[in-house]
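# Structure at a glance
Now for the letters of each chain:
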Amino acid sequence: MESFKSTPHAIACDAATIYSKLINPSLIKQLIEAHSDQIADEARKHLDTVTFTEDAVAIQSPMGEVTLSLNREQSIDGQRVVYTASQSPVPINMVINLDAQPDGTTMSTAELQLQLPFFMRKFVEGQLQEGANRFGELLARIPFDRL
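Since we're looking at a predicted model, the values are computed, not measured.

Glancing now at the pattern of salt bridges. Counted by the stated rule, this structure contains four salt bridges. For glutamate 125, the salt bridge goes to arginine 121, with nearest N and O atoms at 3.0 Å. With glutamate 125 and arginine 121 both in helix α4 (residues 118-141) and four residues apart, the pair spans about one turn of that helix. Between lysine 122 and glutamate 125 there is a salt bridge, with its nearest N and O atoms 3.7 Å apart. Of this pair, lysine 122 and glutamate 125 are both found in helix α4, three residues apart, which corresponds to roughly one turn of the helix. Of the residues examined, glutamate 125 reaches a relative accessible area of 24% and is grouped as partly exposed. Residues joined in a network through salt bridges with shared partners are Glu2, Arg121, Lys122 and Glu125.

Below, the structure written as structure tokens:
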């Protein structure tokens, strides 16, 4: 599996709290709705293609809908949250690594794991790395302590 990781970002919240929020994507939907006036128009257009439920995130893509479901077997309480794509043309995992810091903050790293055919990797690796970086930045901006 190919892996594309974001740069680490500090989040001003403890890892256990962040974990408890990330395993329930419907909380992220509530946050987006509560702060929709603060979201840029372009980002809001992209959010219209995303659906959140209690244990999954569905994204409309040019290839059709991709549903990322919480993978409880691979997730580790307070350390790692894993979402796995179902009905995807290639196996995909979206992983959020959490590293608790002594000062009560958490370092987070977003990671996209895909099983790509070799010939496709060169065509999409830049976009996938950018996607992982943007996702990592988005996580760092979520006020987990206020959810």
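Next comes the rest of the description.
Another aspect to go through is α4. For α4, which comprises 24 residues, the first-to-last C-alpha distance of 34 Å matches the rise-based estimate of 34 Å (1.5 Å per residue) to within 8%. Within α4, the axis deviates most sharply at valine 124, by approximately 60°. The complete set of buried residues in α4 reads Val124, Leu128, Ala132, Gly136 and Leu139. Here the buried face of α4 lies against β1 (2-5), β2 (9-11), α1 (15-22), β7 (92-100) and β8 (106-114).

Quick notes on the rules
Residues numbered from 1 in each chain as written. Predicted model: local features only at pLDDT ≥ 70, side-chain atom pairs only at ≥ 80, totals over all residues. Heavy atoms only, no water. Salt bridge = Lys/Arg side-chain N within 4 Å of Asp/Glu carboxyl O. Helix = DSSP H or I, 4+ residues; strand = E, 2+ residues; numbered from the N terminus. Buried < 20%, exposed > 50% of the residue type's maximum accessible area, 1.4 Å probe, protein only. Expected span 1.5 Å × (residues − 1). Bend = angle between axes of the 7 residues up to and from the residue. Contact = heavy atoms within 4.5 Å.

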